[in-house]
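# A structural walkthrough
So the chains spell out like this:
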Amino acid sequence: MNPIDARTLDNNTLIQGDLCIIGAGAAGISIACELLGTPYKVILLESGGFEYDDETQSLYEGKNIGLPYFALNQSRLRFFGGTTNHWTGMCAPLDPIDFEKRGWIPYSGWPISWSDLEPYYPRAQKVCQLGPYRYDMEFWEQQEPDLKKLPLDSSKMAYKIFQYSPPTRFGQVYRESLLKANNIVLWTYANVTAIETTVDAARVKGLRIKCLTGKEHQVQARYYVLACGALENARLLLVSNEIEGDGLGNRHDLVGRFFMEHIHIGSARLLVSTSLPLQYVAERGKQEKVHLTISEEWQRKHKLLNCAFDLYPVDLFSSADFDYLQHQVSAEDIKLYLAALQNLKQSFAVDKRDPLPFLETSPTENKRELMVFSALEQIPNPASRVTLERDKDRLGMPKLQLDWRLTDLERQTIEQATQIMGYEMGRTGLGRLQILDWLTEKTDFWPQFPQVLRGGYHQMGTTRMSDNPKTGVVDSNCQVFGVSNLYIAGSSVYPTAGTANPTLTLVALAIRLADHLKRLLS
Amino acid sequence: MNRRKLLKLGFFTTVSWFFLELSAKACTSNRVFSQLYQKLLNLQEVKNFQVIGERYIELYPEESQLKYLVARLNDLMVIAEDEQRGIEWEQWLQAKIKEDFQLGQTVQIDGWIFAKTEAQLCALATHLSGSYPRRGW
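Sequence order as written defines residue numbering, which begins from 1 separately in each chain. Going through the entries in the order they are written, you letter the chains from A and number the ligands from 1. Totals for whole chains, interfaces and linings use all residues, but because this is a predicted model, local features are given only for residues with pLDDT of at least 70 and pairs of side-chain atoms are given and counted only at 80 or more. Just so you know, side-chain values use all the structure's heavy atoms and leave hydrogens and water out.

### Examining the overall build of chain B
- What counts as a helix is a DSSP run of H or I of at least four residues, what counts as a strand is a run of E of at least two, and both are numbered from the N terminus. A count of helices and strands for chain B gives 7 helices and 2 strands.
- Mapped in sequence order, the helices and strands of chain B form the string α-α-α-α-α-α-β-β-α.
- Counting all 137 residues of chain B, 49% fall into the buried class.
- Every residue pair with non-hydrogen atoms within 4.5 Å of one another is taken to be in contact. Within chain B, contacts between residues separated by at least 24 positions form 71% of all contacts whose residues are at least 6 apart in sequence.
- A total of about 6,400 Å² of accessible surface is found on chain B, and carbon and sulfur atoms cover 51% of it. For every residue, the accessible area (1.4 Å probe, protein chains only) is compared with the maximum for its type, and the residue is labelled buried under 20%, exposed over 50%, or partly exposed between those bounds. The accessible surface values rely on the Shrake-Rupley method and a 1.4 Å probe; as for residues, cover is taken only from the protein chains in view.

Structure (structure tokens):
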């Protein structure tokens, strides 16, 4: 009898097992898959069913009280498979520098190194149905005859390869194997509303479950994994305040703090004099995508955050959102000027080799005008946080409020990184770059959301990993400090965010956690 | 009168002004200017040099006076003066643009990042075409 709809059980049913995974998204399903066929009884709890439904999704409602951000009930999905039900599948591992303690970035540094996590990336690569575990430009240059490095100064700029997952819908791809498993039971429509602990809050003794129909149940297991996404992981800890008044695992007031997103922000327009390989520009149509990035060397030298550049044909954007049209020197002027410089003249002819099949109309005429989006990590900032608000959801749980904040260092990084890109484009004769007005004006305002400033729907950092309970919520094994049988999976444990989309790393961490749990269970 | 003729007229107005007001040294410069300007006119889109140049002069008036520009672009003048070195000016310009970008010797004109040398050449083209009010030596 798998799955079991929790609404159909008798009220106050006690569900028991060895390991309880709360949440069936990318992290939860990855852990469950690792435990397939083991002798351990696994309880996999999912708030929704197999399809989207408004009622369950509404449990994600909350408020944004900081910088404008996506509506909290629209930036993630609450049914089997979680947010992988609508992700685009862009994947890359983090960079080694992302794990380092960088003196110029407060609260940076993971308690594990890149080499600690590296063995798990190839396994995560398979789970996400990606191609070969290769993220070096040299490899992809050999695979793709039309992909070439640009003549950029490697001390300043580098390349970051991303691969596209199909995208793997975890809830569809792994459903059958999970439902067939003898040792795993999936419980749908089972909302965890509280984590109950022993009186010293040193161990979880059970979970309280509520259904939207009003029924309540109990779960008991030897170990528990919280895998509900960065916002809900923090919420569940904060609402579990029966013993610890400020919330479970929150003795040092860290749960919910350090909320991070990947800043994705229009910072420049680029006129390129040559036809860039599609992998630099296109969103789709190739197995891989190349981002230009600021090199590690340059990050260290100039104390910058990790920053990449995402290039799009300018046609995709409304010119009203970018106020460059007011300028006296237009893109057309620059284009003609560059054409007049003899060596660029030919290369400005329209090249019809470049189809962009993902677009409804191919922007062949303007394809050499690109919008540059800086894609960067943000500083881990304790003031950027989620807290509980007074309003409650239909289950009686306080809703979340998100106070997303950015600082001057993000702005400085965007400005300096964009300038470097502009210098390199000019130096190499690849083109000229125009920095957008919001970045040249000396104000504290961030440009409008989501037209110019946007996130990646990448919520991270609310239960950060550390080697010290005073600076983190979980240890290097993802165990909640002070609670011996409670673990957290997902991007909420990231101390810093890098520039890579978070899914591949969170799956790698989930596999690593699964290995750890198997050792504990045995 | 087509655009090219208009530009030539503007240039010779500028040169006449030099001739009337300045020394024999300036006359030499005028000849060099003339040669340089002929080269610029050979570019198909010299108008766009002037668009950029006008804006540069507005934004950086202290760096855009003719005297200053002549001093900055002296090497280019020397090349322009020598008819044997026909295409060298373009090579010189490309190399200088590259060097400027490498050294961060850049200016921002309406957000566009330019090498100082190219912006100054655009300003010179503007001055020579007479399309911008003269600010004197």
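Now that the structure has been shown, we can carry on.
### Some words on the overall build of chain A
- Helices and strands together make up the secondary structure of chain A, namely 15 helices and 19 strands.
- On C-alpha atoms alone, chain A measures out to a radius of gyration of 24 Å, which is about the 24 Å that the 2.2 N^0.38 rule sets for 522 residues.
- Seen along its three principal axes, the alpha-carbon backbone of chain A occupies a region of about 80 × 45 × 40 Å.
- Expressed as a percentage of contacts within chain A between residues at least 6 apart in sequence, the contacts between residues at least 24 apart total 76%.
- For chain A, the computed accessible surface area is about 19,300 Å², with 47% contributed by carbon and sulfur atoms.
- His is not counted here, nor are the chain ends, while Lys and Arg score as positive and Asp and Glu score as negative. All charge positions are set by atom: Lys at NZ, Arg at CZ, Asp at CG, Glu at CD. The averaged location of the 61 negative side-chain charges in chain A is 3 Å from the averaged location of its 55 positive side-chain charges. It is over C-alpha atoms that the radius of gyration is taken, and the globule rule equals 2.2 Å times the number of residues to the power 0.38.

### Re the pairing of strand β8 (residues 191–197) of chain A
All names here are of chain A.
- Most of β8 sits out of view: 7 of its 7 residues are buried.
- Strands are treated as partners if at least two bridges between them are detected by DSSP. Of the strand pairs in this sheet, β8 and strand β9 (residues 204–210) are connected by 6 bridges, and their pairing is antiparallel. When the sheet's bridge partners are listed, I195 is paired in β9 with L207.
- The antiparallel hairpin formed by β8 and β9 contains 6 residues in its connecting segment, where A201 sits at a positive phi of about 60°.

### Describing the state of the cysteines
- Working definition: a disulfide is two cysteine sulfur atoms within 2.5 Å of each other. Following the criterion strictly, the structure yields 0 disulfides over all chains and no others.
- Unpaired in this structure, A:C20 has its nearest cysteine sulfur neighbour in A:C228, at a distance of 9.5 Å.

### Remarks on the interface of chain B and chain A
- Residue-level contacts link 27 residues of chain B with 28 residues of chain A.
- In total, chain B and chain A occlude about 2,500 Å² of area from one another, counting both sides; carbon and sulfur atoms represent 62% of this.
- Values labelled buried area give the accessible surface lost by two parts on being combined, using a 1.4 Å probe and summing over both. Among the residues of chain B in contact with chain A, B:F101, B:W112 and B:I113 are the three that bury the most area, contributing 28% of the side total.
- Only one rule defines a salt bridge in this text: a Lys or Arg side-chain nitrogen within 4 Å of an Asp or Glu carboxyl oxygen. Our enumeration of links across chain B and chain A arrives at 1 salt bridge.
- In protein, a polar contact requires one atom able to donate a hydrogen and another able to accept it; more generally it is a pair of N or O atoms within 3.5 Å, and residues adjacent in sequence count only if both atoms are side-chain atoms. For the pair chain B and chain A, the interface holds 8 residue pairs in polar contact (both at pLDDT 80 or more).
- Going through the elements one at a time, α3 (46–59), α6 (88–103), β1 (106–109), β2 (112–115) and α7 (116–129) of chain B are the ones with two or more residues in the side of chain B that touches chain A.

### Here we look at the pattern of salt bridges
Residues and elements named next belong to chain A.
- If you walk through the whole model with that rule in mind, you get 37 salt bridges over all chains.
- One salt bridge connects E55 with R394, and the closest N-O pair in it is separated by 2.3 Å. Here R394 lies in the loop between β15 (385–392) and β16 (398–403) and E55 lies in helix α2 (residues 54–57), a separation of 339 residues in the sequence.
- One salt bridge in this structure joins R427 and E424, with 2.9 Å as the shortest N-O distance. Taken as a pair, R427 and E424 lie in helix α13 (residues 408–427) at a separation of 3 residues, close to a single helical turn. Accessibility assignment for this pair places R427 and E424 in one class, buried.
- Residues joined in a network through salt bridges with shared partners are R76, R78, E232, R235 and D393.

### Considerations on the confidence of the model for chain B
Residues and elements named next belong to chain B.
- You can read pLDDT as the predictor saying how much it trusts each residue, on a scale of 0 to 100. Averaged over every residue, the pLDDT of chain B is 74; residues scoring 70 or more account for 67%.
- Low pLDDT, under 50, characterises residues 15–25; the predicted model gives this stretch 11 contacts beyond four residues in sequence or across chains.
- Reported confidences for the modelled complex are a pTM of 0.90 and an ipTM of 0.88.

### Structural notes on helix α15 (residues 503–521) of chain A
- Taking 1.5 Å of rise per residue, 19 residues should cover 27 Å, and α15(A) covers 26 Å from first to last C-alpha, within 8% of that figure.
- Of all 19 residues that make up α15(A), 16 are buried, and the element is covered over most of its length. A helix is expected to span 1.5 Å for every residue after the first.

### Quick word on the environment of B:L121
All names here are of chain B.
- Structurally, L121 is set in helix α7.
- Remark: the alpha-carbon pair of L121 and E88, spanning 33 residues in sequence, is separated by 15 Å.
- In this structure L121 touches L40, F49, L73, L76, W89 and L93, once residues within four positions along its chain are discounted.

### Comments concerning the nonpolar core
- Definition used in this section: a nonpolar core is a set of buried Ala, Val, Leu, Ile, Met, Phe, Trp, Tyr and Cys residues joined via side-chain atoms within 4.5 Å. Within the largest apolar cluster, 209 residues are counted, with the highest numbers of intra-cluster contacts made by A:I31, A:L45, A:L207, A:Y280, A:L292, A:M421 and B:F49.
- With 11 residues, α15(A) is the single largest residue contributor to this core.

### Quick word on helix α1 (residues 26–34) of chain A
- Counting buried positions along α1(A) yields 8 of 9 residues, so the element is predominantly enclosed.
- Considered for burial, the residues of α1(A) that qualify are A:A26, A:A27, A:G28, A:I29, A:S30, A:I31, A:A32 and A:E34.

### Comments concerning the confidence of the model for chain A
- Across chain A, pLDDT averages 92, with 93% of residues at or above 70.
- Between residues 343–366 of chain A, whose pLDDT stays under 50, and residues either more than four places distant or in other chains, the model counts 44 contacts.

### A closer look at the pairing of β9(A)
Residue and element names in this part refer to chain A.
- As defined by bridge partners, β9 adjoins strand β10 (residues 216–226) across 4 bridges and the pair is classed as antiparallel. Each residue of the ladder has a partner; that of K210, found in β10, is E216.
- Hairpin connection of β9 to β10: 5 residues between the antiparallel strands, including G214 at a positive phi of 110°.

### Here we look at the environment of A:A158
Residue and element names in this part refer to chain A.
- Residue placement: A158 occurs in strand β6 (residues 157–164).
- Spatially, the C-alpha atom of A158 lies 5.1 Å from that of T293, the residues being 135 residues apart in sequence.
- For A158, the residues in contact, after removing those within four places along its chain, are H291, L292, T293 and S295.

### Some words on the packing of aromatic side chains
- Two aromatic rings, drawn from Phe, Tyr or Trp (for Trp, its six-membered ring), form a pair once their centres lie within 6.5 Å of each other, and the interplanar angle then sorts them: stacked below 30 degrees, edge-to-face above 60, tilted otherwise. A full pass over the atoms with the stated rule returns 25 aromatic pairs over all chains.
- Ring centres 6.0 Å apart and planes at 80° place the aromatic pair A:Y337 and B:F114 in the edge-to-face group. One end of the pair, A:Y337, is in helix α11 (residues 331–340); the other, B:F114, is in strand β2, on a second chain.
- Relative accessible area serves as the criterion here: at 0%, A:Y337 is assigned to the buried category.
- Look at B:F114 and you get buried, because its relative accessible area is 0%.
- The positively charged end of A:R411 is found above the aromatic ring belonging to A:W446, 5.5 Å away from the centroid. As a reminder, the over-ring test applies to NZ of lysine and CZ of arginine, requiring each to be within 6 Å of the ring centre and within 35 degrees of the ring normal.

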